[in-house]
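# Survey of secondary and tertiary structure
The chain contents come next:
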Amino acid sequence: MNTQTNEHHPWAEPYKIKMVELLRMTTREERLAAIREAGYNTFLTRSRDVYIDLLTDSGTSAMSDRQWAGIMLGDEAYSGSENFYHLEAAVREFYGYKHLVPTHQGRGAENLMSQILISDGDFVPGNMYFTTTRLHQELAGGTFVDVIVDEAHDPENTFPFKGNVDLDKLDALVQEVGADRVPYISLEGNVNMAGGQPFSMENLKALRQYCRKHDIPIMLDATRTIENAWFIREREAGYSDMPVRKILREICDLTDGCTMSAKKDALVNIGGFFACNDDEVFKKAQNLVVVYEGLHTYGGLAGRDMEAMAQGIRESVTEEHMAARIGQVRYLGQKLLAAGIPIVRPIGSHAIFIDARRFLPHIDQEHFPAQSLAAELFIESGIRTMERGIVSAGRDPETGKNRKPKLELVRLTIPRRVYTQAHMDVVADAVIDVYHRREEIRGLKMVYEPEYLRFFQARFEPLT
Ligand SMILES: Cc1ncc(COP(=O)(O)O)c(C=O)c1O
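Residues numbered from 1 in each chain as written. Predicted model: local features only at pLDDT ≥ 70, side-chain atom pairs only at ≥ 80, totals over all residues. Heavy atoms only, no water.

## Comments concerning the overall build of the protein chain
- Of the regular secondary structure elements, the protein chain holds 16 helices and 14 strands.
- The C-alpha atoms of the protein chain give a radius of gyration of 21 Å, which matches the 23 Å a tight globule of 464 residues would have.
- Principal axes of the C-alpha set define a box for the protein chain whose edges measure 60 × 55 × 45 Å.
- Pairs at least 24 apart in sequence give 73% of the contacts found in the protein chain among residues at least 6 apart.
- Surface summary for the protein chain: the accessible area is close to 19,100 Å², and the carbon and sulfur share equals 49%. (Helix = DSSP H or I, 4+ residues; strand = E, 2+ residues; numbered from the N terminus. Rg over C-alpha atoms; globule rule 2.2 N^0.38 Å. Contact = heavy atoms within 4.5 Å. Areas by Shrake-Rupley, 256 points an atom, 1.4 Å probe, with all protein chains shown as cover.)

The structure is reproduced here in structure tokens:
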């Protein structure tokens, strides 16, 4: 199909730069002092000490001139802001859900959905956990059950749809606890914790059939579902000629509602929403949002934020934007693979995930290899990344023991429209340099552990 991309360079940026933000270079001594001060947790470092910020792709996108123009069109009325209706129209057009409740970001929507749908003692199956999603399920009295295919837990397995739901695992749960104890299945597009891995449309259709039979709604985590749609187009028979926005709609039409962190796909610095088709669930969400976020026509956002989001959604579904997005991430991944760096494969959409188990085989998982590696990359080059392994997995609420995920990863997350190809080269060189002296890297011990989502604020010290 005509993807409207550049024939000479298929992922060349479909924009030019109008304003720049200057970066500060630091010395190794400065970075060492900064990471010590931050308790070897990149989340606790200051942005001014960072050279290339690959901590997250959440809220870190560069907005377009049209989005900024939308900011000036903010209708900051308490109720019934025009911008809400623009956002509602964009969500209906591209995601297709009937009802919209804006929230300040994704976890605001997760809170609403979990409180409305989950009862004490319920089980919520999902295609791998996400940190905030699972916590909200647990806080609402539910137990998360992982029903992703086994391939997702193996960083070297190149199965093209590692985000698929294993229907046998799902059925085993339903048989064990009964469908009435399963309020919904939580289905994430381009599964973050698995390395940005998509589900296939074939899998989703089979899931839909199963869920219809058992009267279980499918609630989508739509955060990176456009990126999932891109992979369906690339990898699944019958989709190679379909525009990505149509694939997105087909996905949404097979589900009953969604939570969305608009800080990713939708190209905004803040924002999210809950959307659904069921009138009763909508009424409850509309009512509950008033308790936690704000009135149902702004949900914790300014009018201008909703306008930027409406415009961001329109830009996010274009072929040229997505080609540049996926192309840049793939460029970095291929450089690392060529240098023999162990990364999760296939290369995902939003980040490169280094396999810290293979990078640092001499560090036991109890000594936080991915956390150590993230700190080391920062010391090496001022590149800020994050841990996605034993620290992020947290403790089992029943046993209090550390969960020990098979995947022990460092995430190099690429913000949308922010960095250049030269930046990607710097990142690759820094990772390769650290790889060459990997035996020097030591593990860490945790010296402070917060109760919730510990990876954000935990502090560490190097093992002596
Ligand atoms: C897959 C996924 N779901 C939900 C969230 C939560 O969204 P937010 O950070 O906007 O609260 C995130 C954020 O990183 C995410 O990656």
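## Description of unusual backbone geometry
- Across the junction of Arg 345 and Pro 346, the peptide omega takes the value -5°, indicating a cis bond.
- Residue position: Pro 346 is located in the loop between helix H12 (319-338) and strand E9 (351-355).
- Positive phi is not limited to glycine here, since Leu 267 has a value of about 65°.
- Residues other than glycine seldom take positive phi values, yet Arg 417 does so here, at roughly 65°.

## Considering the sheet that holds strand E12 (residues 409-413)
- One open sheet holds the three strands; their spatial order is E9-E12-E11, and the pairing between them is antiparallel. Only two strands of the sheet have a single neighbouring strand rather than two, namely E9 and strand E11 (386-388). Between one strand axis and the next, the sheet turns by 35° as a mean value, whatever way the strands run.
- Where E9 and E12 come together, five bridges link them in antiparallel fashion. Note that in E12 the partner of Ile 352 across the bridge is Leu 412.
- Relative to E12, helix H14 (residues 369-381) is tilted by about 40°, and along the sheet it contacts E9, E11 and E12. (Pairing = 2+ DSSP bridges. Axes fitted to C-alpha atoms, helices over the stretch in contact; angles between N-to-C directions.)

## Overview of the site of the ligand
- Around the ligand, the surrounding shell holds 14 residues, and the nearest of these are Gly 106, Arg 107, Asp 221, Ser 261 and Lys 264.
- In this structure, Asn 192 approaches the ligand through a side-chain N or O atom, which is 3.0 Å from an oxygen atom.
- Here an oxygen atom of the ligand and a side-chain polar atom of Ser 261 are 2.6 Å apart.
- Considering the ligand on its own, with 380 Å² of exposed area, one finds that the protein chains cover 95% of that surface. (Near = heavy atom within 4 Å. Polar contact = N/O pair within 3.5 Å; in protein donor to acceptor, adjacent residues only side chain to side chain.)

## A few points about the environment of Tyr 298
- Following the sequence through the fold, Tyr 298 ends up in the loop between helix H10 (279-292) and helix H11 (303-316).
- Taking the C-alpha atoms as reference, Tyr 298 lies 30 Å from Ile 216; in sequence the two are 82 residues apart.
- Setting aside anything within four residues of it in sequence, one finds Tyr 298 in contact with Tyr 78, Pro 102, Glu 293 and Met 306.

## Details of the pattern of salt bridges
- If you walk through the whole model with that rule in mind, you get 36 salt bridges.
- A salt bridge links Arg 92 to Glu 88; its shortest N-O distance comes to 3.3 Å. Here the residue Arg 92 and the residue Glu 88 both occupy positions in helix H3 (residues 82-94), the gap between them amounting to four residues, near one helical turn.
- By relative accessible area, which is 14% here, Glu 88 ends up buried.
- Of the charged contacts, one joins Glu 227 and Arg 416 as a salt bridge, the two residues approaching to 3.1 Å between their closest N and O atoms. Highlighted residues: Glu 227 in helix H8 (residues 225-235) and Arg 416 in the loop between E12 and helix H16 (421-436), separated in sequence by 189 residues. Neither residue differs from the other here; Glu 227 and Arg 416 are each classed as buried. (Salt bridge = Lys/Arg side-chain N within 4 Å of Asp/Glu carboxyl O. Buried < 20%, exposed > 50% of the residue type's maximum accessible area, 1.4 Å probe, protein only.)

## Observations regarding the domain arrangement of the protein chain
- Taken domain by domain, the protein chain comprises domain 1 (28-57 + 319-462) and domain 2 (65-316).
- The interface of domain 1 with domain 2 comprises 35 residues on the first partner and 44 residues on the second.
- Surface buried jointly by domain 1 and domain 2 totals about 3,100 Å² across both partners, of which 55% is contributed by carbon and sulfur atoms.
- For the pair domain 1 and domain 2, the interface holds nine salt bridges.
- Measuring nitrogen to oxygen at the nearest pair gives 2.6 Å for the salt bridge that ties Glu 315 to Arg 417.
- Our enumeration of links across domain 1 and domain 2 arrives at 19 residue pairs in polar contact (both at pLDDT 80 or more).
- The set of elements that each furnish at least two residues to the side of domain 1 that touches domain 2 consists of H12, E9, helix H15 (390-393) and E12.
- When residues in the side of domain 1 that touches domain 2 are grouped by element, the largest group, seven residues, is from H12. (Domains from an automatic or database assignment. Buried area = accessible area lost by both parts, 1.4 Å probe.)

## Regarding the packing of aromatic side chains
- Applying the stated criterion to the full structure yields nine aromatic pairs.
- Judged by centre distance (5.9 Å) and plane angle (75°), the rings of Tyr 95 and Phe 273 are edge-to-face. Note that Tyr 95 is positioned in the loop between H3 and strand E2 (99-103) and Phe 273 in strand E8 (residues 272-276), a separation of 178 residues in sequence.
- On the accessibility criterion, Tyr 95 (0% relative accessible area) is buried.
- When the centroid spacing of 4.8 Å and the interplanar angle of 70° are considered together, the rings of Phe 359 and Tyr 435 count as edge-to-face. Placement of the pair is Phe 359 in helix H13 (residues 356-359) and Tyr 435 in helix H16, with a sequence separation of 76 residues. Side by side, Phe 359 and Tyr 435 carry an identical accessibility label, which is buried.
- By the ring-pair criterion, three or more aromatic residues cluster together here, those being Phe 43, Phe 455 and Phe 456.
- Its end group placed over the ring of Phe 231, Arg 235 keeps NZ or CZ at 4.2 Å from the ring centre. (Phe/Tyr/Trp six-rings, centres within 6.5 Å; stacked < 30°, edge-to-face > 60°. Lys NZ or Arg CZ within 6 Å of the ring centre and 35° of its normal.)

## Here we look at the side chain of Thr 26
- Tracing the backbone through its elements, the reader meets Thr 26 in the segment before helix H1 (28-37).
- Owing to a relative accessible area of 15%, Thr 26 belongs among the buried residues under this scheme.
- Those residues within four positions of Thr 26 in sequence are excluded, and the remaining contacts are Arg 31 and Asp 49.

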